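Reading the structure
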Amino acid sequence: MGANDGVGQGASKRRVTLSADDYGLAPGIGRAIRELLAAGRLSATGCMTSGPHWPTEAALLKDVRAARPFEVGVHLTLTDQPSLTRTPGMAPDGRLPPLGRLVGLALTRRLDARGVAAELSAQLDEFESAWGRPPDFLDGHHHVHQLPVVRDVVLHLYKTRFPTGRVWVRRCTAPIGAILRTGVAVRRALAIGTLGRTFAAQLDRASVPGNRSFSGVRDFSGEPPYATLMRTWLSGVPDGALIMCHPGYVDDALRAADTLTTPREEEYRYLAGTEFPALLDELGVTLGSPNRP
């Protein structure tokens, strides 16, 4: 990895947050994200704290953070992973529900708000216990933080736990025209953005800071190549935007925990290579936080 890492390159450039999701899900994901953070190829990562790998992965991440600044948040998780609380309304058997079931319950407002609050509170507690301080931001695995019922719980937890307003929250919205122009996973991006607009309005009314726009939605089919996708996203986003990514090395723990495997290695190879920092320079983009220089 080269010295031209894309971070802090100049005040006149567009500042974009490139945030890697799923830190803590598996050791292979953690290793890849730490390497990219250490080289300045990412500016943030969201951490999953309900699984068995989080305490060890947190300690390893601290070593990287000591040498280079980046944002560390909680990737709030309500689907397909171990539950910390095993509440009857959420995870009576110790495992959080599949995404489809959670979305159905949320959209019909049959989701147990108390169970959601208990689980998310426990995940925040686990983060702060291992990390030693509050997170820099909050977002959601499978974007669950913006679902009906869940978004009200998240906003309540935010107000009670982070009253100073220094923690920012991911907004998963982008202009419809921008989504259509990219032509990338259009239906999925529109669905995510539609669900996110109500939550974004709630956050704005509450003066909660966050990113200005959102990109990074893909179908993980391998077409078009990730390099093409990244050029498309970076060419169209404004200053203060956020792009999500999912780099990682595939290991047995990942295969057991998630169906998204080999596309993570494609993302890692591109972000670790020489083409990515050259693209940042070409497009006048620097990586950073949406709310701090």
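Refer to the preceding data block for the structure.
What follows is about the nonpolar core. If you look at the biggest cluster of nonpolar residues, it comprises 88 residues, and the most contacted ones within it are Leu-138, Met-230 and Leu-271. With residues near it in sequence (within four places) discarded, Met-230 still touches Leu-18, Ile-243, Tyr-270, Leu-271, Phe-276 and Leu-279.

Before going further, it helps to spend a moment on the environment of Leu-107. Topologically, Leu-107 is positioned in helix α3 (residues 99-107). Note: C-alpha distance between Leu-107 and Leu-195 (88 residues apart in sequence) is 9.8 Å. Leaving out residues up to four positions away in the same chain, Leu-107 has contacts with Pro-148 and Leu-195.

For the rest of this paragraph, the subject is the environment of His-141. With respect to the element layout, His-141 can be found in the loop between β4 (137-140) and α5 (150-161). Along the backbone, His-141 and Leu-180 are 39 residues apart, and their C-alpha atoms lie at a distance of 24 Å. Apart from the residues lying within four places of it in its own chain, the contact partners of His-141 are Asp-22, Met-48, His-75, Leu-76, Thr-77 and Thr-79.

Moving on: unusual backbone geometry. Of note, Asp-22 is a non-glycine position whose phi angle comes to about 80 degrees, a positive value. Structurally, Asp-22 is set in strand β1 (residues 14-23). Classification of Asp-22 by relative accessible area gives buried; the value is 2%.

With that out of the way, let us pick up the pairing of strand β7 (residues 241-245). Across the five residues that make up β7, a large majority, five, are buried. In β7, alternate side chains face the same way, and those of Ala-241, Ile-243 and Cys-245 on one face and Leu-242 and Met-244 on the other are all buried. Where β1 lies against β7, five bridges are found, and the strand directions are parallel. When the bridges of β7 are listed, Ala-20 appears paired with Cys-245. Across two bridges, the pairing between strand β6 (residues 214-215) and β7 is parallel. By the bridge assignment for β7, Ser-215 is matched with Ile-243.

The next point concerns the packing of aromatic side chains. In total, this model carries eight aromatic pairs according to the counting rule given. Between Tyr-158 and Phe-162, the ring centres sit 5.9 Å apart and the planes meet at 65 degrees, which makes this aromatic pair edge-to-face. Each member of the aromatic cluster is reached from another via a ring pair, and the members are Tyr-226, Trp-233, Tyr-270 and Phe-276. If you follow Arg-31 out to its NZ or CZ, it ends over the ring of Tyr-249, 3.8 Å from the centre. The cationic tip of Arg-65 hangs over the ring face of Phe-70; the distance from NZ or CZ to the ring centre is 5.7 Å.

How each quantity is defined
- Residues numbered from 1 in each chain as written.
- Predicted model: local features only at pLDDT ≥ 70, side-chain atom pairs only at ≥ 80, totals over all residues.
- Heavy atoms only, no water.
- Core = buried A, V, L, I, M, F, W, Y, C linked by side-chain atoms within 4.5 Å.
- Buried < 20%, exposed > 50% of the residue type's maximum accessible area, 1.4 Å probe, protein only.
- Contact = heavy atoms within 4.5 Å.
- Helix = DSSP H or I, 4+ residues; strand = E, 2+ residues; numbered from the N terminus.
- Pairing = 2+ DSSP bridges.
- Phe/Tyr/Trp six-rings, centres within 6.5 Å; stacked < 30°, edge-to-face > 60°.
- Lys NZ or Arg CZ within 6 Å of the ring centre and 35° of its normal.

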